[in-house]
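Chains, contacts and geometry: an overview
Each chain is listed here by its residues.
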Amino acid sequence: MHRPSSSHHARLQRHRRIRAILNGTSDRPRLVVFRSLKHIEAQLVDDVAHKTLAAVSDMSLKLSKEPKAKRAA
């Protein structure tokens, strides 16, 4: 069985602690950003209605040869 590393465990604890405080509403949605080594994705989430309002990824853009920081902008 795979045992998560201590850094992974610490990240999950941070995530739970922050998510206990932050909530997105339809008036002010929560911005979720996921960064991998190659790509970046973002979502706007309404936690009250449990819905994703909008989502975008740099994979859908035609800037695939640009640096990640420029694609994120």
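Check the entry above for the structure.
Values in this document were obtained by computation on a predicted structure and should not be read as measured data.

**As for the overall build of the chain**
Scanning the chain from terminus to terminus reveals 2 helices and 3 strands. Reading the chain from its N terminus to its C terminus gives the helix and strand order α-β-β-β-α. Taken over the C-alpha trace, the chain has a radius of gyration of 15 Å; the compact-globule value for 73 residues is 11 Å, which it surpasses by more than 25%. Along the three orthogonal principal directions, the C-alpha set of the chain runs to about 40 × 35 × 20 Å. The buried share of the chain, taken over its 73 residues, is 14%. Within the chain, counting contacts between residues at least 6 apart in sequence, those at least 24 apart form 20% of the total. Surface exposure of the chain reaches about 6,500 Å², of which carbon and sulfur atoms provide 57%. The chain carries 16 positive and 6 negative side-chain charges, and their two centres are separated by 10 Å.

**Observations concerning the pattern of salt bridges**
Throughout the structure, instances matching the rule amount to 1 salt bridge. Between Arg 30 and Asp 47 there is a salt bridge whose closest N-O contact spans 2.8 Å. Of the two residues, Arg 30 sits in strand S1 (residues 30-35) while Asp 47 sits in the loop between strand S2 (40-46) and strand S3 (51-57), which places them 17 residues apart along the sequence. With respect to class, Arg 30 is no different from Asp 47; both count as buried.

**A closer look at the side chain of Ser 57**
Among the secondary structure elements, Ser 57 is positioned in strand S3. Polar contacts involving the side chain of Ser 57 include one to the main-chain amide nitrogen of Met 59, which spans 3.1 Å. Among all residues touching Ser 57, those that are not within four sequence positions of it are Ile 40 and Glu 41.

Parameters at a glance
Residues numbered from 1 in each chain as written. Predicted model: local features only at pLDDT ≥ 70, side-chain atom pairs only at ≥ 80, totals over all residues. Heavy atoms only, no water. Helix = DSSP H or I, 4+ residues; strand = E, 2+ residues; numbered from the N terminus. Rg over C-alpha atoms; globule rule 2.2 N^0.38 Å. Buried < 20%, exposed > 50% of the residue type's maximum accessible area, 1.4 Å probe, protein only. Contact = heavy atoms within 4.5 Å. Areas by Shrake-Rupley, 256 points an atom, 1.4 Å probe, with all protein chains shown as cover. Lys, Arg positive; Asp, Glu negative; His and termini not counted. Charge placed at Lys NZ, Arg CZ, Asp CG, Glu CD. Salt bridge = Lys/Arg side-chain N within 4 Å of Asp/Glu carboxyl O. Polar contact = N/O pair within 3.5 Å; in protein donor to acceptor, adjacent residues only side chain to side chain.

Nothing here speaks to function; it is all geometry.
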